[in-house]
Structure formats: C-alpha cells, structure tokens
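Structural characterization, general
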Amino acid sequence: MELSIHSDEHFMNQALKQAQIAYEEGEVPVGAVVVVEKQIVSRAYNQTERLNDVTAHAEMLAVTAAANALGAKYLNECTLYVTLEPCAMCAGALYWAQLGKLVYAASDGKRGFTTKGKNLLHPRTEVSSGLLGMESEALIKRFFAELRN
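No experiment lies behind these values; they were computed from the predicted model shown. Along each chain, residue indices are assigned from 1 in the same order as the chain's sequence is written. Where local features are concerned, this predicted model is filtered to residues with pLDDT of at least 70; where side-chain atom pairs are given and counted, the filter is 80 or more; whole-chain, interface and lining totals use all residues. In computing side-chain properties, one takes all heavy atoms of the structure into account and sets aside hydrogens as well as water.

**Thoughts on the sheet that holds strand β3 (residues 79-84)**
When DSSP locates at least two bridges between a pair of strands, those strands are taken to pair. By definition, any uninterrupted DSSP run of H or I lasting at least four residues is a helix, any uninterrupted run of E lasting at least two residues is a strand, and each is numbered from the N terminus. Here we have 5 strands laid out as an open sheet, ordered β2-β1-β3-β4-β5, and mixed in their pairing. Because the sheet does not close on itself, it has two edges, and the strands there are β2 (39-45) and β5 (126-129). Strand-to-strand twist of the sheet, defined as the mean angle between neighbouring strand axes without regard to direction, takes the value 15 degrees. Pairing of strand β1 (residues 31-36) with β3, which is carried by 4 bridges, proceeds in the antiparallel orientation. Directly across from Ala32, in β3, lies its bridge partner Val82. Any two residues whose heavy atoms approach within 4.5 Å are treated as being in contact. Think of each axis as a best-fit line through the C-alpha atoms, taken over the contacting stretch in the case of a helix, with angles from 0 to 180 degrees between the N-to-C directions. With respect to the sheet, helix α3 (residues 58-70) is in contact with β1, β2 and β3, its orientation differing from that of β2 by roughly 145 degrees.

Structure follows, in structure tokens:
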C-alpha cells in the first residue's frame, strides 16, 4: 500500500524523522511538524541539551517556526504532528496559538498534558492520538535504556 503524500501517517513519519535526529544528537527523541493545507511549514525536534533551554521542546520550536513562516501568531488552520503527547507547558503554548488540530503518537503517562485532569488545549483544538504510537514509544524506550547502561 502506497502512502498518500498528504496522509496523516506521512506527516507523523516526518515527525518521527525529526525525533530520530534528536535521538542521534543525544536529545530526548521527540519530533514535530506543523502542517497547513497539506504542506509542512515547520519541523523541529527537542533541543533542550543543545540550547541549554528547558523550553526547547519540539512542539515549542515547531510552533515558533510555523508562526514565523506564516507571519501569524495564531495557528488555527494548522495541524501539529508530534511523536509524544505534549507536556503542560507545550499544551499551554498550543492553547495560546489556538492550534486547529493536534495529532500525537505516544501517550506520556507521567508528564503528558492529559495527566493533569483537565483539557489544557484551546476548546476548538481537535485532538487525535495513537498514530504510529508504537514506533514513537520504541524510540523513546531505546533512548532511555541506553542512558541507563
């Protein structure tokens, strides 16, 4: 089966490629892409170690780059594909950006925004989860297993 160039799976695979870059650079392997009208407008991966910045999560960097590319602070026409459920900080940024849709791969039972017990996203933001979740989770588990050895 051939993937459509414009499918959700295609865009999540692009986010996974960003997560792989993070992994190779010794960062927690999370990647993100922002899409509008079936076109990627930004790509990012975690860079907290490289930038010595706790806010340099893939989602934060992708949102900033998308806003710059589009010349707009609101991303209500955009979809963010990210390999791990956003944390509360990133969910807050997505709220203020009024993100149109969030698609995340793996859930984060410890730090994900859904563990906080209330919706931290904008009320109009659509949410989908689980797409390529096993692949994302495997990369994250491998990263932390290697850290422990």
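**Re the pairing of β2**
A regular strand places its side chains so that they alternate between the two faces of the sheet. The sheet contact formed by β1 and β2 spans 6 bridges and is antiparallel. Following the sheet pairing, Ala32 is matched in β2 by Ala44. What sits between the antiparallel neighbours β1 and β2 is a turn of 2 residues, in which Glu37 has the positive phi angle 50 degrees.

**Overview of the UniProt feature "active site" (unreviewed entry) in the chain**
UniProt positions are given in the numbering used here, feature names are shortened, and annotations may be inferred rather than shown by experiment. The UniProt record marks Glu59 with the feature "active site" (unreviewed entry), using the residue numbering of this structure. Burial classification: accessible surface area is computed with a 1.4 Å probe over protein chains only, and a residue below 20% of its type maximum counts as buried, one above 50% as exposed, and the rest as partly exposed. According to the relative accessible area criterion, Glu59 is buried, its value standing at 4%. Beyond its immediate chain neighbours, meaning those up to four positions away, Glu59 contacts Val30, Ala32, Leu80, Val82, Leu84, Glu85, Pro86, Cys87 and Cys90.

**Description of the environment of Phe113**
Inspection of the secondary structure puts Phe113 in the loop between β4 (101-106) and β5. The exposure class of Phe113 is buried, given its relative accessible area of 4%. Placed 43 residues apart in sequence, Phe113 and Leu70 show a C-alpha to C-alpha distance of 26 Å. Look past the residues within four positions of Phe113 in its chain and what remains in contact with it is Glu85, Pro86, Cys87, Ala88, Ala91, Leu102, Tyr104, Lys118, Asn119, Leu120 and Leu121.

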